[in-house]
Amino acid sequence: MNNLLTALTPFPVSDDENQQLVSLAIFYIRRAKNNFQIQLPLTEQFVNWDEIAPETSSIDLFALAQKIRKEKKITDYSLAAMLACDFEGVSPHLQTLNDLKALGVMVFAWYLATGRSFQDLKKFCYAIRTMTTKKGQWLLKLIPNSISSPDELVAALEAQQSNVPFGEIRRFKEFLHPLKSLVDNRSANGKSEQQLSDKGDRANRPHIEAKQGKIWFGDQKVTFLVDLPEQINPSIAQEEQTHDHSKPSLTIEVDDQNSCDNRRSQTEREIRGQDIANAITRKSIKSIFDWGHLSGNEISRLFRHQFYAAQGGNVTALFLCISILTGRRVEDLIRLKLKKREKTSKGDQWVVVKEFICLVSVLNLPENSGDQYVSVRKDIYLPIPLALSGTLREVLNDGRNKNIDFSSHLSLLNRHFKNRLSQNRLAEISQRFYIQQGIQKPIIAAITGQTAKHNPSLFYCGLERHTVSSTYQRFINYIKTLTHLTELSLPEAKSNQLIGSNSIALDKVVQQRFMTIKTAVKNARNWHTCHNALTFYTHEVLSLATGHRAVGSPFERITDFDLNHGQIWICDKENRQEQSSRVLPLAPIAQNQVLRYINHLQASQYHYSLLKPELATEIDNSLSGKSDFLFFITGDKLLPVAPNIVTEMENLVDLPNLKGNWARHFLYSKLIAKDCCPHAISNFFGHADFGEEAGNPFSHFSMQRYADLAAKIQSLLTGLQIEKTSGWQETNI
């Protein structure tokens, strides 16, 4: 309920609009229950929630939608934006649109309950929200005038699939598939078995019932009982399994969610269930939802078959093999051009390097900035094994890659792989290998051709080219071992240049920076000069210890620090509508520096109590958490830390001007080089994927990883000879 309630409250707690959105949600949840008999555990508490009366007639939907749009809440609060849509007077299908809203709320709750993709929810809510606009009128025409049940709606949409405009097929699927997910997993709606059997159009669907360790499918009985070692604890959704924790055994239920008319025979169902059970026993999959991915044996069989076909002149098989090796879609590889080495451009291209054809990816990142930064390159070379390079070179020279019908080739292959092959799934084979091997996300993104726009970690860090090349070679060797194809050989990677960010400061520049600021603290001749230098030093230490973005008022309040447990809460984006807040560990040096700064503030308050009482009052506000923790003193005013003031301080102490985010780039690169836990790094810098956040109970994130990260940062700071320093105690004031 907390997740759903969060999705309905985009505004501050005191705003009445939050209560209006919750009232709308309660109205549509009750509508879904009354009209379609749909109820989820996540929405059950809303139905009986009497604290807020669902009086929706007095709600100004237009004003509510305008506020959501004005404060830029549409993207992160897609459910709220959908509920605020005013369809009154816009379309004659008002009842149908309200029914779609009700189903939309239930789909949203179902996705939250099952931990599915939040991006899919955004697209689904967008489809409903735009149905009365020019962008979505075509979709509204495909929907029946009245909706009697979600099942009939899904069936009607599937029947109309051939009438979908060619350019809107993807949008149609983004609307249809979430509805199918809700319908196909009807057991999660809390309905009784009698209610399910009463549905006429669902009567042919096999009913699952578990009794005394047996699984019943319709009128026939099929049971899979797999004895597992005690240490194996598969993670499978509740509606897909029954697990007796007192015994090392697992009973698997197999439900055909791909077909409503039960076209699969009982034999096929039994084989599929046994295959899944064997896969879990071999630990090749962790849950039943991983079944769509290929196993090692299937990858070996597929690659060997396509490799030999490529050797025989099959161009489509050639690009399929390269797709598996490089992590790109076949259609993307086919469109690439062969270029000379000195004429490469941003993006992917083919380049001839000696006897090899290389897939060269040039990152779209800024160029080098100055002598105080590490020199980096933007190009990544992925050589294609020699056994495939020769054929690929001939194909590119002849232009035979322009007339490839990959869809027909894939259809033939899918006959032997139970329709589980697709371009994305082939490209994901290498990505899954890298993730299982614990490879850092920026390295995976660099190898598989992802852009810095969609992977911010590429923009922030520098990667050793040798590390990137050896990681790619590790996957080639894995395929070589898996398939026993000795022809898959690559040249050794020898370059130690960095790839990526252009803002990675040199170690000697960083070390000299802290020494210079520390000297400025000691040489101060008056109190406010000493304070400003100490504030600058503390800001730089905390920025380097946390990777904080360069924003105004960083480390905003003293109450954000938990020095007893060595933690800090930060929110380092000026656009606070984005998810940027997180709790981070603090290295001991950073903790001690904060304590020294607090002691200095207490002394400053006493110092100014007689000289400038109003200044002492402002410092007291800082110590009590009412105003900024870090500030500079200019005359009788306190100025919070900001990037432009940091630049002025650099000029004041004769330091070279570094980019505002230099500490973030520097720390990110060093932690990547130290091979820290990828999940810990992603959470530390605010780049964790949905569901992998450190505070998410489903992410299985261990706080010990943060402790290890803090130890690595402490070692880094010590190696740079960064130490804690006090204020007036170390001066001659």
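None of these values were measured; they are calculated from a predicted model.

Calculation criteria
- The numbering scheme is per chain: residues are counted from 1 as the chain's sequence reads.
- It should be noted that, the model being predicted, local features are given only for residues of pLDDT at least 70 and side-chain atom pairs only at 80 or more, the latter also being counted only at that level, while totals for whole chains, interfaces and linings use all residues.
- As a rule here, side-chain values come from all non-hydrogen atoms in the structure, and water together with hydrogens is ignored.
- For the purposes of this entry, the term helix denotes a DSSP run of H or I that reaches at least four residues, the term strand denotes a run of E that reaches at least two, and both are numbered from the N terminus.
- For the exposure calls, accessible area comes from a 1.4 Å probe over protein chains only, and a residue counts as buried if that area is under 20% of its type's maximum, exposed if over 50%, partly exposed in between.
- Only heavy atoms enter the contact rule, under which two residues are in contact if any of them lie within 4.5 Å.
- In these tables, accessible area is a Shrake-Rupley quantity obtained with a 1.4 Å probe, and a residue counts as shielded only by the protein chains included in the view.
- Take the number of residues in a helix, subtract one, and multiply by 1.5 Å to get its expected span.
- At least two DSSP bridges between two strands are required for those strands to pair.
- As a rule, the C-alpha atoms of each element are fitted with a line to give its axis, helices using only the stretch in contact, and angles between N-to-C directions run from 0 to 180 degrees.
- A residue's pLDDT is the predictor's confidence in that residue, given on a scale from 0 to 100.
- Nonpolar cores are built from buried Ala, Val, Leu, Ile, Met, Phe, Trp, Tyr and Cys residues. Side-chain atoms within 4.5 Å join them into one set.

### Some words on the overall build of the protein chain
Reasoning step 1: For the protein chain, the helix and strand inventory stands at 29 helices and 18 strands.
Reasoning step 2: In the protein chain, which comprises 733 residues, the proportion classed as buried is 50%.
Reasoning step 3: Sequence-distant contacts, at least 24 apart, represent 66% of the contacts inside the protein chain between residues at least 6 apart.
Reasoning step 4: Entry remark: accessible area of the protein chain is about 35,500 Å², with carbon and sulfur atoms responsible for 48%.

### Brief notes about helix H23 (residues 527-546)
Since there are 3.6 residues in each turn of an α-helix, residues three or four apart along the chain are aligned in direction.
Reasoning step 1: Between its terminal C-alpha atoms H23 stretches 28 Å, which fits the 28 Å expected from 20 residues at 1.5 Å a residue.
Reasoning step 2: Counted residue by residue, H23 has 18 buried out of 20 residues, so it is predominantly covered.
Reasoning step 3: Positioned one or two residues after H23, Gly547 has a phi angle of 70 degrees, which is positive.

### What about the sheet that holds strand E12 (residues 462-464)?
Reasoning step 1: The sheet built from 3 strands is open, its strands ordered E10-E13-E12 with mixed pairing. Whereas interior strands pair on both sides, the edge strands pair on one side only; in this sheet they are strand E10 (376-377) and E12.
Reasoning step 2: Note that E12 and strand E13 (residues 498-500) share 3 bridges and pair antiparallel. Residue pairing for E13: Leu463 is matched across the bridge by Ile499.
Reasoning step 3: The strands that helix H21 (residues 465-483) touches are E10, E12 and E13; relative to E12, the one it contacts most, it runs at about 60 degrees.

### Here's the deal with the sheet that holds strand E15 (residues 567-571)
Reasoning step 1: Taking strand neighbours across the sheet as the criterion, the 3 strands line up as E14-E15-E16 in an open arrangement whose pairing is antiparallel. Each of the sheet's edge strands pairs with one partner strand only, and the pair in question is strand E14 (561-562) and strand E16 (581-585).
Reasoning step 2: Across 5 bridges, E15 lies against E16 in antiparallel orientation. Considered in E16, the bridge of Trp569 is made with Val583.

### Description of the environment of Ile74
Reasoning step 1: Here Ile74 shows up in the loop between helix H4 (61-70) and helix H5 (78-83).
Reasoning step 2: Through-space distance from the C-alpha of Ile74 to that of Pro10 is 9.3 Å; in sequence the pair is 64 residues apart.
Reasoning step 3: When near neighbours in sequence (up to four residues on either side) are disregarded, Ile74 contacts Ile68, Arg69, Ala81 and Arg129.

### A short note on the confidence of the model for the protein chain
Detail in the predicted coordinates should be disregarded across regions flagged by low pLDDT.
Reasoning step 1: With 81% of its residues at a pLDDT of at least 70, the protein chain reaches an overall mean of 80.
Reasoning step 2: Across the protein chain, element-level confidence peaks in helix H14 (residues 315-326) with a mean pLDDT of 95 and bottoms out in strand E5 (residues 241-242) with 34.
Reasoning step 3: Segment residues 186-265: pLDDT under 50, and 147 contacts once partners within four positions in sequence are set aside and those in other chains are kept.

### What to know about the side chain of Ser469
Reasoning step 1: Mapped onto the secondary structure, Ser469 falls in helix H21.
Reasoning step 2: Not counting residues up to four positions away in its chain, the partners in contact with Ser469 are Tyr381 and Ala493.

### Notes on the nonpolar core
Reasoning step 1: By size, the foremost hydrophobic cluster in this structure holds 136 residues, and its most contacted members are Phe319, Trp350 and Leu544.
Reasoning step 2: Ranked by the residues each element gives to this core, the list is headed by H23, at 10 residues.
Reasoning step 3: Aside from chain neighbours lying at most four places away, what touches Phe319 is Val330, Leu333, Ile334, Trp350, Leu392, Val395, Asn401 and Ile404.
Reasoning step 4: Of all hydrophobic cores here, the second largest spans 66 residues; its members include Ile59, Trp110, Leu121 and Leu153.

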